[in-house]
Amino acid sequence: MRLEPSALLCCLFLLPGLGLAANKTVYGLNEYIWLNDLDLEVAAKLDTGAKTASLSARDIRRFKRDDETWVQFYLAIDEAHEHPIERPLARISKIKRRAGDYDPDEEKTYTARPVIEMKVCMGQALRTIEVNLTDRSAFQYPLLIGSEALKRFSALVDPSLKYAAGKPGCTTDANPGE
């Protein structure tokens, strides 16, 4: 068999990409996530089209503690989460609204959401990621993992798979890759 020069050249261009993919972990469209800070496992949707991760929260309020801004919220996952959670505010995220989701008289095409940092486990990998807080109770999954978090996990997402990583199995003493 003889390869045409153009086919050989094409193969040479693909080789570096294969090396990059070898260092990635394949996850499914949905995965189980262990929220280390909250001692809770939830099902999540992995969304490469979203930049930031989002956690379902309600009654979100900012307050000052020792001259720093903190956030208090309740999980909006089920009735079992009736105790408030308090975390330092990492930043405010501006989330683009859909065309039918805003009032043109307001002139605001984004929603401001508080962002906190959380340690989360997916598969065998424990990472600290940024998570914005919003009420996701109308959605099937209480947690959305966006592209910035997926980068931290060196993730490749195969949308034909579900729960490819299995149940989270991280140890809390080691955190390689951070």
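- Under an unreviewed UniProt entry, the name given to the chain is ATP-dependent zinc protease, and the source organism is Pseudomonas benzenivorans.

**Description of the layout of surface pockets**
Phase 1 of the analysis: By volume, the second largest pocket amounts to about 150 Å³.
Phase 2 of the analysis: Lining the second largest pocket are Lys51, Thr52, Ala53, Arg91, Glu117, Thr128, Ile129, Glu130, Glu148, Ala149 and Arg152.
Phase 3 of the analysis: Secondary structure elements with two or more residues in the lining of the second largest pocket: β8 (125-134) and α2 (147-152).
Phase 4 of the analysis: Classifying every residue of the lining of the second largest pocket gives three nonpolar, two polar and six charged.

**Observations concerning the pairing of strand β3 (residues 53-65)**
Phase 1 of the analysis: Sheet analysis places β3 next to β8, joined by four bridges and oriented parallel. Across the sheet, residue Ser56 finds its bridge partner in β8, namely Thr134.
Phase 2 of the analysis: Pairing analysis gives two bridges linking β3 to strand β9 (residues 143-145), with the strands arranged antiparallel. Following the sheet pairing, Leu55 is matched in β9 by Leu143.
Phase 3 of the analysis: When β3 meets strand β4 (residues 68-75), the two strands line up antiparallel, connected through seven bridges.

**Some thoughts on the side chain of Arg113**
Phase 1 of the analysis: Summarising the element assignment, Arg113 is placed in strand β7 (residues 110-122).
Phase 2 of the analysis: Residue classification places Arg113 among the buried positions, given a relative accessible area of 18%.
Phase 3 of the analysis: Side-chain polar atoms of Arg113 contact the side chain of Asn132, separated by 3.2 Å.
Phase 4 of the analysis: Once residues within four sequence positions are removed from consideration, Arg113 is found in contact with Ser54, Arg91, Ile92, Ser93, Ile95, Asn132, Leu133 and Thr134.

**Side note on unusual backbone geometry**
Phase 1 of the analysis: In this model, Asp39 sits at a positive phi of 55°, which is unusual for a non-glycine residue.
Phase 2 of the analysis: Relative to the helices and strands, Asp39 resides in the loop between β1 (25-35) and β2 (40-46).
Phase 3 of the analysis: Its relative accessible area of 60% is what places Asp39 among the exposed residues.
Phase 4 of the analysis: The residue Ser154 is not glycine, and still its phi comes out positive at about 50°.
Phase 5 of the analysis: Inspection of the secondary structure assignment puts Ser154 in the loop between α2 and β10 (155-162).
Phase 6 of the analysis: Using a relative accessible area of 28% as the deciding quantity, one classes Ser154 as partly exposed.

Conventions used here
Residues numbered from 1 in each chain as written. Predicted model: local features only at pLDDT ≥ 70, side-chain atom pairs only at ≥ 80, totals over all residues. Heavy atoms only, no water. 1 Å grid on protein atoms, 1.4 Å probe; cavity = no way out; pocket = protein on both sides within 12 Å on 5 of 7 lines; lining within 4 Å. Points joined across faces, edges and corners; volume = space filled by probe spheres on them. Helix = DSSP H or I, 4+ residues; strand = E, 2+ residues; numbered from the N terminus. Nonpolar A, V, L, I, M, F, W, Y, C, P; charged D, E, K, R; others polar. Pairing = 2+ DSSP bridges. Buried < 20%, exposed > 50% of the residue type's maximum accessible area, 1.4 Å probe, protein only. Polar contact = N/O pair within 3.5 Å; in protein donor to acceptor, adjacent residues only side chain to side chain. Contact = heavy atoms within 4.5 Å.

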